[in-house]
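# Fold and geometry: a report
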Amino acid sequence: MNQLVARVKNGRLVLDEPTALPEGAQVTLVVVDGDELDDEERVLLHAAIEEGLADAEAGRVVGVEEALAQIRSLRCESKPIGAP
(Lines give C-alpha, C1' and ligand atoms only; values in the text may rest on other atoms or scores of the structure.)
Protein backbone atom coordinates (compact mmCIF):
# COMPACT_ATOMS: atom_id res chain seq x y z
CA MET A 1 0.00 0.00 0.00
CA ASN A 2 1.29 3.45 -0.87
CA GLN A 3 1.10 6.02 1.87
CA LEU A 4 0.79 9.63 0.78
CA VAL A 5 0.73 12.65 3.04
CA ALA A 6 -1.46 15.68 2.37
CA ARG A 7 -1.70 18.91 4.33
CA VAL A 8 -4.54 21.40 4.66
CA LYS A 9 -3.73 24.82 3.23
CA ASN A 10 -6.38 27.51 2.92
CA GLY A 11 -9.12 24.91 3.44
CA ARG A 12 -7.82 22.66 0.65
CA LEU A 13 -5.93 19.38 0.74
CA VAL A 14 -2.49 19.78 -0.78
CA LEU A 15 -0.59 16.69 -1.84
CA ASP A 16 2.92 17.29 -3.10
CA GLU A 17 4.69 13.94 -3.22
CA PRO A 18 6.02 11.91 -6.09
CA THR A 19 4.01 8.80 -6.83
CA ALA A 20 4.00 5.87 -9.19
CA LEU A 21 0.20 5.86 -9.30
CA PRO A 22 -1.28 6.03 -12.78
CA GLU A 23 -2.72 9.28 -14.08
CA GLY A 24 -6.32 9.71 -12.91
CA ALA A 25 -6.00 7.22 -10.04
CA GLN A 26 -8.43 7.91 -7.21
CA VAL A 27 -6.88 8.31 -3.74
CA THR A 28 -8.82 8.09 -0.47
CA LEU A 29 -7.52 10.27 2.37
CA VAL A 30 -8.18 9.40 6.00
CA VAL A 31 -7.70 11.81 8.91
CA VAL A 32 -5.26 10.07 11.23
CA ASP A 33 -5.49 12.31 14.28
CA GLY A 34 -9.26 12.43 14.56
CA ASP A 35 -11.71 10.11 16.26
CA GLU A 36 -15.27 8.99 15.77
CA LEU A 37 -16.86 10.86 18.69
CA ASP A 38 -19.73 13.21 18.01
CA ASP A 39 -20.10 16.46 19.97
CA GLU A 40 -22.31 14.90 22.68
CA GLU A 41 -19.96 11.94 23.15
CA ARG A 42 -16.98 14.28 23.38
CA VAL A 43 -18.71 16.34 26.10
CA LEU A 44 -19.45 13.14 28.05
CA LEU A 45 -15.86 11.94 27.64
CA HIS A 46 -14.41 15.22 28.88
CA ALA A 47 -16.83 15.26 31.83
CA ALA A 48 -15.82 11.70 32.77
CA ILE A 49 -12.13 12.62 32.56
CA GLU A 50 -12.68 15.69 34.76
CA GLU A 51 -14.65 13.60 37.26
CA GLY A 52 -11.88 11.02 37.38
CA LEU A 53 -9.22 13.68 37.91
CA ALA A 54 -11.27 15.26 40.70
CA ASP A 55 -11.73 11.86 42.34
CA ALA A 56 -7.99 11.18 42.13
CA GLU A 57 -7.12 14.57 43.60
CA ALA A 58 -9.59 14.01 46.45
CA GLY A 59 -8.18 10.56 47.15
CA ARG A 60 -11.34 8.81 45.98
CA VAL A 61 -9.60 6.22 43.84
CA VAL A 62 -10.11 2.50 43.57
CA GLY A 63 -7.16 0.13 43.54
CA VAL A 64 -6.66 -2.10 40.54
CA GLU A 65 -7.71 -5.27 42.35
CA GLU A 66 -10.86 -3.61 43.70
CA ALA A 67 -11.70 -2.22 40.28
CA LEU A 68 -11.31 -5.65 38.69
CA ALA A 69 -13.49 -7.18 41.40
CA GLN A 70 -16.19 -4.58 40.70
CA ILE A 71 -16.04 -5.28 36.97
CA ARG A 72 -16.20 -9.03 37.55
CA SER A 73 -19.22 -8.58 39.81
CA LEU A 74 -21.07 -6.87 36.96
CA ARG A 75 -20.83 -9.95 34.76
CA CYS A 76 -23.98 -11.94 34.29
CA GLU A 77 -23.61 -14.86 36.70
CA SER A 78 -26.33 -16.94 35.06
CA LYS A 79 -24.83 -16.97 31.59
CA PRO A 80 -21.03 -16.93 31.16
CA ILE A 81 -19.61 -14.84 28.34
CA GLY A 82 -19.62 -16.82 25.10
CA ALA A 83 -22.20 -19.33 26.31
CA PRO A 84 -24.97 -20.20 23.82
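Quick caveat, the model's predicted, so the values are computed rather than measured. (Residues numbered from 1 in each chain as written. Predicted model: local features only at pLDDT ≥ 70, side-chain atom pairs only at ≥ 80, totals over all residues. Heavy atoms only, no water.)

### With respect to the overall build of the protein
For the protein, the count of helices and strands is 2 helices and 2 strands. In sequence order, the protein lays out its α and β elements as β-β-α-α. In the protein, which comprises 84 residues, the proportion classed as buried is 0%. Of the roughly 8300 Å² of accessible surface on the protein, 54% is carried by carbon and sulfur atoms. (Helix = DSSP H or I, 4+ residues; strand = E, 2+ residues; numbered from the N terminus. Buried < 20%, exposed > 50% of the residue type's maximum accessible area, 1.4 Å probe, protein only. Areas by Shrake-Rupley, 256 points an atom, 1.4 Å probe, with all protein chains shown as cover.)

### Some words on the pairing of strand β1 (residues 6–9)
Pairing analysis gives 4 bridges linking β1 to strand β2 (residues 12–15), with the strands arranged antiparallel. From the neighbouring strand, Lys9 faces β2, where its bridge partner is Arg12. Here β1 hands over to β2 after 2 residues, with Asn10 in that stretch at a positive phi of 55°. (Pairing = 2+ DSSP bridges.)

### Focus: a negative patch on the surface
A cluster of acidic side chains, namely Asp38, Asp39, Glu40 and Glu41, defines a negative patch on the protein surface. In this structure, Asp38 sits in the loop between β2 and α1 (39–57). (Patch = residues over 30% accessible without salt bridge, like charges linked within 9 Å, V, L, I, M, F, W, Y side chains within 5 Å. Salt bridge = Lys/Arg side-chain N within 4 Å of Asp/Glu carboxyl O. Lys, Arg positive; Asp, Glu negative; His and termini not counted. Charge placed at Lys NZ, Arg CZ, Asp CG, Glu CD.)

### Concerning a nonpolar patch on the surface
On the surface, Val8, Leu13, Leu21, Val27 and Leu29 cluster together to form a nonpolar patch covering roughly 440 Å² of accessible area. Structurally, the position occupied by Leu29 is in the loop between β2 and α1.

### Observations concerning unusual backbone geometry
The phi dihedral of Asn10 falls on the positive side, at around 55°, and the residue is not glycine. Its place among the elements puts Asn10 in the loop between β1 and β2.

### Observations concerning the environment of Arg42
The residue Arg42 is located in helix α1 in this model. For Arg42, the contacting residues outside a window of four places in its chain are Asp35 and Leu37. (Contact = heavy atoms within 4.5 Å.)

### Observations concerning α1
The terminal C-alpha atoms of α1, which comprises 19 residues, lie 27 Å apart, in line with the 27 Å expected from a rise of 1.5 Å per residue. Between the side-chain oxygen at the start of α1 and the backbone nitrogen of Glu40 there is a gap of 3.1 Å, and the oxygen is on Asp38. (Expected span 1.5 Å × (residues − 1). Polar contact = N/O pair within 3.5 Å; in protein donor to acceptor, adjacent residues only side chain to side chain.)

### Observations regarding the environment of Leu29
For Leu29, a relative accessible area of 41% translates into the label partly exposed. Along the primary structure Leu29 and Leu4 are separated by 25 residues, whereas in three dimensions their C-alpha atoms are 8.5 Å apart. Ignoring anything within four residues of it in the chain, the contact list for Leu29 reads Ala6 and Leu13.

### Focus: the confidence of the model for the protein
For the protein, per-residue confidence averages 80 on the pLDDT scale, and 85% of positions sit at 70 or higher. Across the protein, the secondary-structure element scoring lowest on mean pLDDT is helix α2 (residues 64–74), at 80, and the one scoring highest is α1, at 89. (pLDDT = per-residue confidence, 0-100.)

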